[in-house]
Amino acid sequence: MNSYIEILRPGNAIMALIAVLLMAIVGHTYNWEIILGAITVFIATGAGNTINDYYDYEIDKINKPQRPIPSGRIKKENALYYSLILYILSIILGFIISTENGITVIICTLLMIIYAYDFKQRCLIGNITVALLTGLTFVFGGLITGQINTSIILGFFAFLMTLSREIIKDTEDIEGDLKENAHTFPIEYGSKNAVKLAVTLNIITCLLSPLLYIYNIFSVTYMIIVIIADIIFIYTAIMALKDQTKENLHKISGYMKIGMLIAFISFAAGSLI
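Calculation rules
Residues numbered from 1 in each chain as written. Predicted model: local features only at pLDDT ≥ 70, side-chain atom pairs only at ≥ 80, totals over all residues. Heavy atoms only, no water. 1 Å grid on protein atoms, 1.4 Å probe; cavity = no way out; pocket = protein on both sides within 12 Å on 5 of 7 lines; lining within 4 Å. Points joined across faces, edges and corners; volume = space filled by probe spheres on them. Helix = DSSP H or I, 4+ residues; strand = E, 2+ residues; numbered from the N terminus. Nonpolar A, V, L, I, M, F, W, Y, C, P; charged D, E, K, R; others polar. Salt bridge = Lys/Arg side-chain N within 4 Å of Asp/Glu carboxyl O. Buried < 20%, exposed > 50% of the residue type's maximum accessible area, 1.4 Å probe, protein only. Contact = heavy atoms within 4.5 Å.

**Q** Just checking my understanding: could you explain empty space enclosed by the protein for this structure?
**A** Remark: the empty space left among the atoms is shown by a probe the size of a water molecule rolled over them. Applying the stated rule across the entire model yields 2 cavities of 30 Å³ or more. Size it by volume and the largest cavity reaches roughly 50 Å³. Residue lining of the largest cavity: Phe-157, Met-161, Thr-205, Ser-209, Tyr-222, Val-226, Asp-230, Phe-233, Ala-263 and Phe-267, and that is the complete set. For the lining of the largest cavity, the secondary structure elements donating two or more residues are α8 (148-172), α13 (220-242) and α14 (246-272). No other element matches the 4 residues that α13 contributes to the lining of the largest cavity. When the residues that make up the lining of the largest cavity are grouped by side-chain class, the tally is 7 nonpolar, 2 polar and 1 charged. Of the pockets and cavities examined, the second largest cavity occupies roughly 40 Å³. What lines the second largest cavity is Ile-59, Lys-120, Gln-121, Asp-170, Asp-177, Ala-182 and Thr-184. Across the lining of the second largest cavity, the residue classes tally to 2 nonpolar, 2 polar and 3 charged.

See below:
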C-alpha cells in the first residue's frame, strides 16, 4: 500500500464514511450531497489520522514502529503539510454541501488538531474527543438528510461504543504512553480500572440498544442483527476482565471494531427491512 494512503488509515476513514451513508439509508435520501458528504468525511478523518501520527511520532516509535512516519517512509514535516491540505479540502467540500456542514467540518477539524496536540495525553478527555468526533459523523450526515434527531441518537450510540474501544486501546498502548509522560486513564488509575470502565460502557450500550426498536426508530430486523453486536461486546468484556495483556487487548480492540460495524449494519437493515 502507498504510504500516503496508509497514513490515512483508510479502514478507520471508511468507518466514518459509513456513518454518512447510514444516515442516507435511514433518511431514505440519495443525492449528490450524500456522496460528497461521504467523501468529505473520509478526507477529514484521514487528515485527522495523519496529524495524529505527526504528533505521535515518539510514541509510535515504541508502540507502532511500522507506521509510515516512524518507519521512515514519510518525512515528519511532509505528513504535517499533507494533513493541512486534506483539512482545507474537506472544509471546502463541507461548505459546498451547506453552510451547516462546512461549520461542522471546521469544528471537527479544530477538535482533531487539539486532540492530536494536547487532548490525547489527558485522562479521558482525549477518549471523549475521539468518541465525540465519531458521533458527529452521524450528525454531519443528518444535516444532509434532515434527520437531525435520529442522527443525534445514533451518534450517541456510536459515542458509547467508540469511548469504550478508545479506553481499551489506551490500555494496550500504556508502555509507550508512559515513556511520553501521558496521563491516560489506564496510567492514572491502572489497567484493571480502565478495563472495568470500558466494560461498563459496553454493558450500557447493550442494555440501551433495544430502545431503538421499542421507540419505533428501527424495525425488528434491527433487533435480530444488533443482538450479534451485543454478543460480541459482551464476549470482549469477558476477555478483557480475564486478561489485560497487550496482545489480548489488541485482539479485543479488533473484535470491538467488528461489533461496531455489525451495529451499524443493524441500523441500515432496521431502516430498510
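Picking up after the structure, the text goes on.
**Q** Explanation requested: the pattern of salt bridges in the structure shown.
**A** Two side chains carrying opposite charge are able to pair once their charged atoms lie near each other. Per the stated rule, a full pass over the model turns up 5 salt bridges. Between Arg-73 and Glu-6 there is a salt bridge, and its shortest N-O distance comes to 2.7 Å. Taken as a pair, Arg-73 in the loop between α4 (57-63) and α5 (76-97) and Glu-6 in helix α1 (residues 3-6) lie far apart in primary sequence, 67 residues in all. Look at Arg-73 and you get partly exposed, because its relative accessible area is 36%. Residue Arg-122 is joined to Asp-118 by a salt bridge in which the shortest nitrogen-to-oxygen separation is 2.9 Å. Owing to a relative accessible area of 41%, Arg-122 belongs among the partly exposed residues under this scheme. Salt bridges here are not isolated pairs; linked through shared partners, they connect Arg-9, Asp-53 and Arg-67.

**Q** Could you clarify how one ought to interpret the environment of Ala-13 in this entry?
**A** Note that Ala-13 resides in helix α2 (residues 10-26). Under the relative-accessibility criterion, Ala-13 is labelled buried at 0%. For the pair formed by Ala-13 and Gly-48, sequence separation is 35 residues and the distance between their alpha carbons is 9.4 Å. Not counting residues within four places of it along the chain, the set of residues in contact with Ala-13 comprises Leu-8, Phe-42, Thr-45 and Gly-46.

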